[in-house]
Each structure stands twice: as structure tokens, then as C-alpha cells.
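# Structural features, examined
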Amino acid sequence: VIMGVISAGERWGAIIAYRLRKPYVGVRPKAKEYGAKGKIEGVSVKGLKVFVVEDLFSTGGSTLDAITAIEEDGGEVIGAGSIFTYGFNKANEELTTKLGKRYFSLSNYATLISVAADMAYISDMEYIKLSEWHQNPNKYSVDRNGPAKL
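Residues numbered from 1 in each chain as written. Predicted model: local features only at pLDDT ≥ 70, side-chain atom pairs only at ≥ 80, totals over all residues. Heavy atoms only, no water.

With that settled, consider the overall build of the protein chain. Across its full length, the protein chain holds 6 helices and 6 strands. For the protein chain, the sequential pattern of α-helices and β-strands runs β-α-β-β-β-α-β-α-β-α-α-α. Across its three principal directions, the C-alpha atoms of the protein chain cover 50 × 35 × 30 Å. Taken across its 150 residues, the protein chain has 33% of its residues classed as buried. Put simply, 56% of the contacts in the protein chain that link residues at least 6 apart link residues at least 24 apart. Carbon and sulfur atoms form 55% of the exposed surface of the protein chain, whose accessible area is close to 9,300 Å². (Helix = DSSP H or I, 4+ residues; strand = E, 2+ residues; numbered from the N terminus. Buried < 20%, exposed > 50% of the residue type's maximum accessible area, 1.4 Å probe, protein only. Contact = heavy atoms within 4.5 Å. Areas by Shrake-Rupley, 256 points an atom, 1.4 Å probe, with all protein chains shown as cover.)

Taking strand neighbours across the sheet as the criterion, the 6 strands line up as E3-E2-E1-E4-E5-E6 in an open arrangement whose pairing is mixed. Strands with a single pairing partner mark the edges of an open sheet, and in this sheet they are strand E3 (40-41) and strand E6 (103-108). Judged from the 3 bridges that link them, strand E1 (residues 2-5) and strand E4 (residues 49-57) form a sheet pairing that is parallel. Within E4, the position partnered with Gly4 by the bridge is Val53. Sheet contacts for helix H4 (residues 109-118): strand E5 (76-85) and E6; angle to E6, the most-contacted strand, approximately 15 degrees. (Pairing = 2+ DSSP bridges. Axes fitted to C-alpha atoms, helices over the stretch in contact; angles between N-to-C directions.)

We now examine the pattern of salt bridges. Counted according to the given criterion, the structure contains 4 salt bridges. When the shortest N-O distance is used, the salt bridge between Glu71 and Lys98 registers 2.9 Å. With Glu71 in helix H2 (residues 61-72) and Lys98 in helix H3 (residues 89-99), this pair connects stretches of sequence that are 27 residues apart. Two residues, Glu132 and Arg144, come together in a salt bridge whose shortest N-O distance is 3.8 Å. In this pair, Glu132 sits in helix H5 (residues 124-135) while Arg144 sits in the segment after helix H6 (137-143), placing the two residues 12 residues apart along the sequence. (Salt bridge = Lys/Arg side-chain N within 4 Å of Asp/Glu carboxyl O.)

Before going further, it helps to examine the layout of surface pockets. Considering only enclosed or pocket space, the largest pocket measures out at about 420 Å³ in volume. The wall of the largest pocket is formed by 15 residues, among which Thr59, Phe88, Lys90, Pro137 and Asn138 lie closest to the centre. Elements with a minimum of two residues in the lining of the largest pocket: H3, H5 and H6. Class assignment of the residues belonging to the lining of the largest pocket gives a composition of 5 nonpolar, 8 polar and 2 charged. (1 Å grid on protein atoms, 1.4 Å probe; cavity = no way out; pocket = protein on both sides within 12 Å on 5 of 7 lines; lining within 4 Å. Points joined across faces, edges and corners; volume = space filled by probe spheres on them. Nonpolar A, V, L, I, M, F, W, Y, C, P; charged D, E, K, R; others polar.)

Right, dumping it as C-alpha cells:
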């Protein structure tokens, strides 16, 4: 079963399921506050192998919440994939703890800014600033009088 994390991951998950001719189900990281108030949209995944699709691995939180919902429903998560990742250490550590090496992203922040610099879409100074932000977004924000936690 292919499961897309609602809301942005569901579009990619549905496309992948269609192309692979696999069943598709949507999963919410948090239960909705109306209707059936469920996390899983559609049928139960009890006893089924599930691959989770996200648009973005940022902190890893919504992906991990979705995995928990699947496991609580009795499904077995066999892996996860995203279109893009920032590659933050916290997300990588948590996803690795939960999934081992069974997750991937099609592109990442480091590649994005490297290509942007190589193609002169951004200056050398912008590349340096973007790299600094990537190393520690919260510190970068605080150093510039922004919020302590992004």
C-alpha cells in the first residue's frame, strides 16, 4: 500500500500508487477534528505493508506521526520517501532510528543551493548565508533577532 501524508504528500502518493498499480490510502499526522476524527483515510492497513510518501522531510515530525498512526492501525511501514529534504540532523537521526536506511529523498537542500550557485542564480555571499542557515537555522534566526525556534 502506498500512503501519502495529508496534505501535500497525498498528491505524490496517489500518483505513485497509480503508476505502480498499488492501493492508495491517505494518512494524517494528527487526527482531524471533525467527521470520523481518524488519522487514516480510507481502509484499514492492518496486516499490510505500507510505503509512506511525503513532499518534504523537514524536522521528520509529520512523517514519524504518520508512521505511528500506521503502526497503531496494524500496518507495517517498509519505508518512506520524499520529494525534498533539508537534511537536518534531527530529522535524519529520528528517521534512521525508526526506519534504518529505508527512507530517501529525491533531492536535498545542499544540492539545491550548490546547483543554484553553479548556475549563478545566487551569489557566493548568498551561498555562504544559505549554508550558515542550514547548519543551524535556530541560531541563524536568533543571531538576526528572529524567533528562537523555527
